[in-house]
Amino acid sequence: MAQISTMAGQANVAVLPGDGIGVEVMQAALAVLEQVEQRFGFMLTRETIEAGADHYLAHGIDVPEGFYEKLEAFDCVLMGAIGHPDVRFPDGTEIAPHLEIRARFKLVSGERPVRKYPNTPRILSDTRAEEIDFVVLRESTEGLFWSRGKGVVEDDRVARDTMVISRAATEELCDHAFKLARKRRDLGRSKGRVTCVDKSNVFVSMAFFRKIFDERARNFPDIQADHHYVDATALDLVKKPWEYDVLVMENMFADILSDLGGGLVGGMGMAPCAEIGRDFALFQPAHGTAPDIAGQGKANPTAMLVSLAMMLDWLGERHGDERLSTAGIALDKAVYDAYATGGILPFELGGRSGLKAVIQAVLAQLR
Ligand code: ATP
């Protein structure tokens, strides 16, 4: 089998299974990746790196020595999930190296797709809920989260956190939003629309965000650009989420609305995630390590498999290799088709399909 060889070098991936069900959904992803590689005629270079809560317990440190420097040699990280509620640093903070990866590699654009899969329980009674298919695009390096670790409490009287919106990150984010809408439209997934979600009627930082959105929108005249206040968007995402395509917003707003999105389609096992910067990316399901179901074979690998599909698509674009992009789109479709005709329903959604059953159903659909 030919290795991918391009002018940009070989596509290579750092694989971080992590802890709990992270390890299980990663096993699922790698089993599926092997089949995808065989069918589409390529092989990614990959290296598994142990990191996380178990690594901390065993070695007194959450990641191996030189971990972040080592990552620079890779295109991206494929991660399961990391952390454990009972394993913390001495200051009480959680084991979360992905936050450091996000900051260090400036992964500005966090894609969180929200899609209703066929034959899964409908959370909203309206039949149009079957059409839910939108993306929350989360600015992931600043916004209100800029204040993480920098907030202040003055004399036990008043506490302050700061919201930061920079031109550079907002331009990058908005361009990503418009390109994503274009891609989704070309794939027949949407009509090509980007909604800027903000609170520009109250905050100067949000008015700045909207101003930059409008500036960047002019470069994408084929994509519909509109605005919505975040409070009204929360209402609409419950009343008519099927109307949305790409929703772009500040970090904290997206933190909240993307979980609302996960709830609209059944649970965290249905919530994939891609965090993309100019020169590096991190792909992982949005869920945690779920200690309550770890080791039982009940974890839903859907979000992991869709995150893997997003990674293949991104690598394909980065290396100009059609096989990878085609494989990514095919895997995404295979997951969808497994729900449409493969008779699966994961435990998380009230069914009896364990992790292995979901993998088998996806592989059966892979063409
Ligand atoms: P974190 O803070 O790391 O995101 P958390 O405890 O808030 O972690 P999760 O670990 O995602 O959240 O778990 C929340 C709930 O969702 C748990 O009941 C868990 O079992 C369930 N859950 C999460 N991911 C999956 C999955 N892939 N399959 C099935 N159930 C899942």
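None of the values given here were measured: they were computed from a predicted structure.

Q: Help me understand the overall build of the protein chain in this model?
A: Each helix and strand counted, the protein chain has eleven helices and twelve strands in total. Radius of gyration (C-alpha) of the protein chain: 20 Å, near the 21 Å computed for a compact globule of 367 residues. Along the first, second and third principal axes, the C-alpha set of the protein chain runs to 55 × 50 × 45 Å. Looking at the protein chain as a whole, 54% of its 367 residues are labelled buried.

Q: Would you explain the packing of helix α7 (residues 230–239) against helix α8 (residues 251–264) in this entry?
A: Helices that pack against each other are described as a pair by the angle of their axes relative to one another and the distance between those axes. Two numbers describe how α7 lies on α8: the axes approach to 10 Å, and their chain directions differ by 5°. One finds that α7 runs roughly parallel with respect to α8. For the pair formed by α7 and α8, the contact residues are V230, T233, A234, L237 and V238 on the first element and F253, L257, L260 and L264 on the second. Each residue belonging to the contact of α7 with α8 can be placed in one class, and the counts come to eight nonpolar, one polar and no charged.

Q: When you look at the sheet that holds strand β4 (residues 109–115) in this model, what are you seeing that I'm missing?
A: Picture the strands of a sheet paired through backbone hydrogen bonds; they go either parallel or antiparallel. Pairing within the open sheet is mixed, and its ten strands lie in the order β2-β1-β3-β12-β11-β4-β5-β10-β8-β9. Sheet topology places β2 (45–48) and β9 (224–229) at the edges, where each strand pairs with a single neighbour. Strand-to-strand twist in this sheet, taken as the mean axis angle between neighbours without regard to direction, amounts to 20°. Strands β3 (76–81), β4, β5 (133–139), β11 (274–276) and β12 (281–283) of the sheet are contacted by helix α4 (residues 97–104), whose axis makes an angle of about 155° with β3. Packing against the sheet, helix α5 (residues 167–186) makes contact with β4, β5, β8 (193–198), β9, β10 (246–249) and β11, and its axis sits at approximately 165° to β5.

Q: Help me understand the site of the ligand, please; the structure alone is not making it clear to me.
A: Around the ligand, the structure places I21, M268, G269, H287, G288, T289, A290, D292, I293, A299, N300 and E348. Between a nitrogen atom of the ligand and a side-chain N or O atom of H287, the distance comes to 3.3 Å. Contact between the ligand and N300: a nitrogen atom at 2.8 Å from a main-chain N or O atom of the residue. Surface burial for the ligand is 60%, taken as the share of its 610 Å² of free accessible area covered by protein chains. When its residues are assigned to classes, the shell around the ligand shows five nonpolar, five polar and two charged.

Q: Help me understand the pairing of β10 in this model?
A: Within a regular strand, the side chains alternate between the two sheet faces. Because side chains alternate across β10, one face comprises the buried residues V246 and V248, and the other comprises L247 and M249, equally buried. Where β5 meets β10, four bridges bridge the pair, whose relative direction is parallel. Residue R138 lies in a different strand from β10, and its bridge partner there is M249. Both β8 and β10 contribute to a ladder of four bridges, which runs parallel. Along β10, the bridge assignment pairs V194 with V246.

Q: Help me understand the packing of aromatic side chains, please; the structure alone is not making it clear to me.
A: Aromatic ring pairs: the centre-centre distance and the angle between the two ring planes describe each pair. What the rule picks out here adds up to eight aromatic pairs. Here F105 and F280 contribute two aromatic rings whose centre-to-centre distance is 4.0 Å and whose plane-to-plane angle is 20°, an arrangement assigned as stacked. Of the two residues, F105 is situated in the loop between α4 and β4 and F280 in the loop between β11 and β12; the sequence distance between them amounts to 175 residues. The exposure classification of F105 matches that of F280, with both residues buried. Measuring from ring centre to ring centre gives 5.8 Å for F283 and W314, while their planes differ by 55°; the resulting arrangement is tilted. Of this pair, F283 sits in strand β12 while W314 sits in helix α9 (residues 302–319), placing them 31 residues apart in sequence. Across this residue pair, the class does not change: F283 and W314 are buried. By way of ring pairs, the aromatic residues Y117, Y336 and Y339 are connected into one cluster. In this structure, K150 packs its charged tip against the face of W146, placed 4.1 Å from the ring centre. Between the NZ or CZ atom of K298 and the centre of the ring of F347, over which it lies, the distance is 5.2 Å.

Conventions we followed
- Residues numbered from 1 in each chain as written.
- Predicted model: local features only at pLDDT ≥ 70, side-chain atom pairs only at ≥ 80, totals over all residues.
- Heavy atoms only, no water.
- Helix = DSSP H or I, 4+ residues; strand = E, 2+ residues; numbered from the N terminus.
- Rg over C-alpha atoms; globule rule 2.2 N^0.38 Å.
- Buried < 20%, exposed > 50% of the residue type's maximum accessible area, 1.4 Å probe, protein only.
- Axes fitted to C-alpha atoms, helices over the stretch in contact; angles between N-to-C directions.
- Parallel < 35°, antiparallel > 145°, perpendicular 65-115°, else oblique.
- Contact = heavy atoms within 4.5 Å.
- Nonpolar A, V, L, I, M, F, W, Y, C, P; charged D, E, K, R; others polar.
- Pairing = 2+ DSSP bridges.
- Near = heavy atom within 4 Å.
- Polar contact = N/O pair within 3.5 Å; in protein donor to acceptor, adjacent residues only side chain to side chain.
- Areas by Shrake-Rupley, 256 points an atom, 1.4 Å probe, with all protein chains shown as cover.
- Phe/Tyr/Trp six-rings, centres within 6.5 Å; stacked < 30°, edge-to-face > 60°.
- Lys NZ or Arg CZ within 6 Å of the ring centre and 35° of its normal.

Function-wise, these values are silent; they only describe arrangement.
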